[in-house]
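Fold and contact review
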Amino acid sequence: MTDLNTPWWSDAVFYQAYPRSFRDSDGDGVGDLDGVTAELDYLDDLGIDAIWLNPVMVSPMADHGYDVADPRDVDPLFGGIGALHRLIEAAHARGIKITMDLVPNHTSSQHVWFREALAAGAGSVQRARYIFRDGSGPHGQHPPNNWVSVFGGPAWTRVVEPDGNVGQWYLHLFDPEQPDLNWENPEIFADLEKTLRFWLDLGVDGFRIDVAHGMAKPAGLPDMRNPDLPMLTLDDDDPRFNHDGVHEIHRFIRRVLNDYPNAVTIGEIWVFDNEDFAKYLRPDELHLGFNFRLVRAKFDAVEVREAIENSLAAAELAGSPATWTLSNHDVEREVSRYGGGAAGLARANAMAMVMLALPGIVFVYNGEELGLPNVDLPDEVLQDPTWERSGHEERGRDGCRVPMPWDGGTPPFGFSTNPDTWLPIPAEWAALTVDKQRADEDSTLAFFRRAIHLRKQTAQFSGTDITWQDTDDEALVFRTGGGLTCALNTGSVAVALPAGEVLLSSAPLADGELPPNTAVWLI
Ligand code: GLC
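Nothing here was measured: the structure is a model prediction, and the numbers come from that model. (Residues numbered from 1 in each chain as written. Predicted model: local features only at pLDDT ≥ 70, side-chain atom pairs only at ≥ 80, totals over all residues. Heavy atoms only, no water.)

With respect to the helices, strands and loops of the structure, Asn185 is situated in the loop between strand 8 (166-171) and helix 6 (186-202). A polar contact of 2.9 Å, which involves the side chain of Asn185, links it to the backbone nitrogen of Glu187. Setting aside residues up to four positions removed in sequence, Asn185 forms contacts with Ala128 and Arg129. (Helix = DSSP H or I, 4+ residues; strand = E, 2+ residues; numbered from the N terminus. Polar contact = N/O pair within 3.5 Å; in protein donor to acceptor, adjacent residues only side chain to side chain. Contact = heavy atoms within 4.5 Å.)

Put into structure tokens, the structure is as follows:
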């Protein structure tokens, strides 16, 4: 329904491919870009408009690519830059856009800049690219402030100086292998511009900007008031993030992007106050921002409605389309979040219909279309830095990153020719392979495909507003500007179907009623 005056992304369905886990083309047990290229027909058939690739730049992979050692090259693990060229060409030939992750808050500790900073010592221009400080306490033996790393433990690590003695500390909001850059330094801006232009000139259609609410730090680095709160807690009063100076950085990025009018920026913005959130989407900043309210909502009609209302209000304040996502590589998969088993899957499918009915941009995370649950992995295979940093208290995010099952009856299910995949794939996923689901009209995959195609092809999926109909607290019903009605039942008894002709339901309907854990579209 996009006309020539609206940007291609205004109602797009993005597919997030976590490259390690999508498909392995070279038998090393880790997914790669040629693996994505090999499955473009699969993605095209699903009906998606664009792919978001998690970071594929050169990286020692301490945080699976979010630790970038060379921002202007593709890691050989993912097939090198040639593989990205092949993917862009093949995707564009099918009308599919390619967007990639950009990580401006930090680099890898293996980045040449960080190695130079360690070698050059305190007070050097090389150290001024990062955030080095003397420690507190009489011998500088304590960190400069009380900030904690998002992955657990202190956000500071002390270094050994060129003279062999311990000395300054450097800031890392994430892993120690991910030192934060100093965004007060103009050199960092200049280098980012080079990076942006490098990928855009190569044909990339935009960026998902990692930790877009990070980067700028408040003067004097004041202590946190609540160092014990986990990251996903609603706490905008956190000096590590959402400092006003970040907007200058986004304006800088936008000035570069304006030279590439068909390219989009989508910020990862963990900011919950709507006015603060909307600031990131001013006309001279980001095009889009991830709104995580739907991810945080339980399977409960009141919570889901609140999340939707809030996200729409934030988008309206910003004058930018809303974005919707139920999962990604950082959160427990929704099938498990909503209770697991058959009920969890039914709820996840119902929520997918709610998401796909809403005005704006939708992000589907690879494997969501297969109804994959989170996986309880054994301790010895865990790789997320969170596991070690939290002293084995937080298991981390590996459970939502297990490779996709493609075909066959035993692991690795065609994901790789190598049985030793980077994370093990559970044997019971034999029932969830793409091949199996493709052959079954009642599968989750068939359902997603139908839903995405209906969203694209049905005129009623239009308009930017929705109106709510009165219901009790166990259901919600809204109508889009174009005249689509979407109803969701989160309760334990069936409710009456709203008026209209049924277009799709997430589970079979009976006797004019909407069963529990089910959603329906009507026109
Ligand atoms: C973002 C990414 C996450 C990564 C972190 C540090 O939150 O989504 O996966 O670990 O940034 O770069």
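That shown, we press on.
Attention shifts here to the sheet that holds strand 15 (residues 475-480). Spatial ordering of the open sheet is given by 14-15-16-20-18, a layout of 5 strands whose pairing is antiparallel. Looking at strand neighbours, the two that pair on one side only are strand 14 (466-469) and strand 18 (502-505), the edges of this open sheet. Pairwise comparison of adjacent strand axes, ignoring direction, gives a mean angle of 20 degrees for this sheet. Relative to strand 20 (residues 518-522), strand 16 (residues 485-489) is paired through 5 bridges, and the arrangement is antiparallel. Note on strand 20: the bridge partner recorded for Leu488 is Ala519. Here helix 10 (residues 301-318) sits on the sheet in contact with strand 14, strand 15 and strand 16, set at roughly 155 degrees to strand 14. (Pairing = 2+ DSSP bridges. Axes fitted to C-alpha atoms, helices over the stretch in contact; angles between N-to-C directions.)

This paragraph deals with the sheet that holds strand 7 (residues 156-160). Strand order in this open sheet of 3 strands is 6-8-7, and the pairing throughout is antiparallel. Both outer strands of the open sheet, strand 6 (132-133) and strand 7, are each paired with one neighbouring strand and no more. Summarising the sheet, strand 7 and strand 8 pair through 4 bridges and their orientation is antiparallel. The residue of strand 8 that forms the bridge with Val160 is Val166.

A word on the domain arrangement of the chain. What the domain assignment reports for the chain is domain 1 (13-105 + 186-451), domain 2 (112-171) and domain 3 (465-522). Computed from C-alpha atoms alone, the centre-to-centre distance between domain 1 and domain 3 is 29 Å. Residue-level contacts link 24 residues of domain 1 with 22 residues of domain 3. Both sides of the domain 1 and domain 3 interface together cover about 1,800 Å² of buried area, and 77% of this is carbon and sulfur. For domain 1, the biggest contributors to the area lost against domain 3 are Ala301, Arg305 and Met353; these three give 31% of the whole. At the surface where domain 1 touches domain 3, the tally comes to 0 salt bridges. (Domains from an automatic or database assignment. Buried area = accessible area lost by both parts, 1.4 Å probe. Salt bridge = Lys/Arg side-chain N within 4 Å of Asp/Glu carboxyl O.)

Turning next to the site of the ligand. Neighbouring the ligand are 14 residues; Asp63, Asp210, Glu268, His329 and Asp330 lie closest to it. Interatomic distance of 2.8 Å between a side-chain N/O atom of Glu268 and an oxygen atom of the ligand. Burial of the ligand by the surrounding chains reaches 98%, relative to a free accessible area of 310 Å². Taken together, the residues of the shell around the ligand sort by class into 4 nonpolar, 3 polar and 7 charged. (Near = heavy atom within 4 Å. Areas by Shrake-Rupley, 256 points an atom, 1.4 Å probe, with all protein chains shown as cover. Nonpolar A, V, L, I, M, F, W, Y, C, P; charged D, E, K, R; others polar.)

Core analysis: the biggest nonpolar cluster contains 150 residues, and Phe14, Tyr15, Tyr42, Ile51, Leu84, Phe207 and Trp521 have the highest contact counts within it. A per-element tally of this core places helix 12 (residues 341-357) first, with 9 residues. One finds Ile131, Trp147, Val148 and Trp156 within the second-largest nonpolar core, a separate group that totals 14 residues. (Core = buried A, V, L, I, M, F, W, Y, C linked by side-chain atoms within 4.5 Å. Buried < 20%, exposed > 50% of the residue type's maximum accessible area, 1.4 Å probe, protein only.)

We now examine the pairing of strand 8. Most of strand 8 sits out of view: 5 of its 6 residues are buried. Across 2 bridges, the pairing between strand 6 and strand 8 is antiparallel. Note on strand 8: the bridge partner recorded for Arg133 is Trp169.

Moving on to the packing of helix 12 against helix 15 (residues 444-457). Between helix 12 and helix 15, whose axes approach to 10 Å, the crossing angle comes to 10 degrees. The angle between helix 12 and helix 15 falls in the class roughly parallel. Judged by residue contacts, Leu345, Asn349, Ala352, Met353, Met355 and Leu356 of helix 12 engage Thr444, Phe447, Phe448, Ala451, Ile452 and Arg455 from helix 15. When grouped by side-chain class, the residues that make up the contact of helix 12 with helix 15 number 9 nonpolar, 2 polar and 1 charged. (Parallel < 35°, antiparallel > 145°, perpendicular 65-115°, else oblique.)

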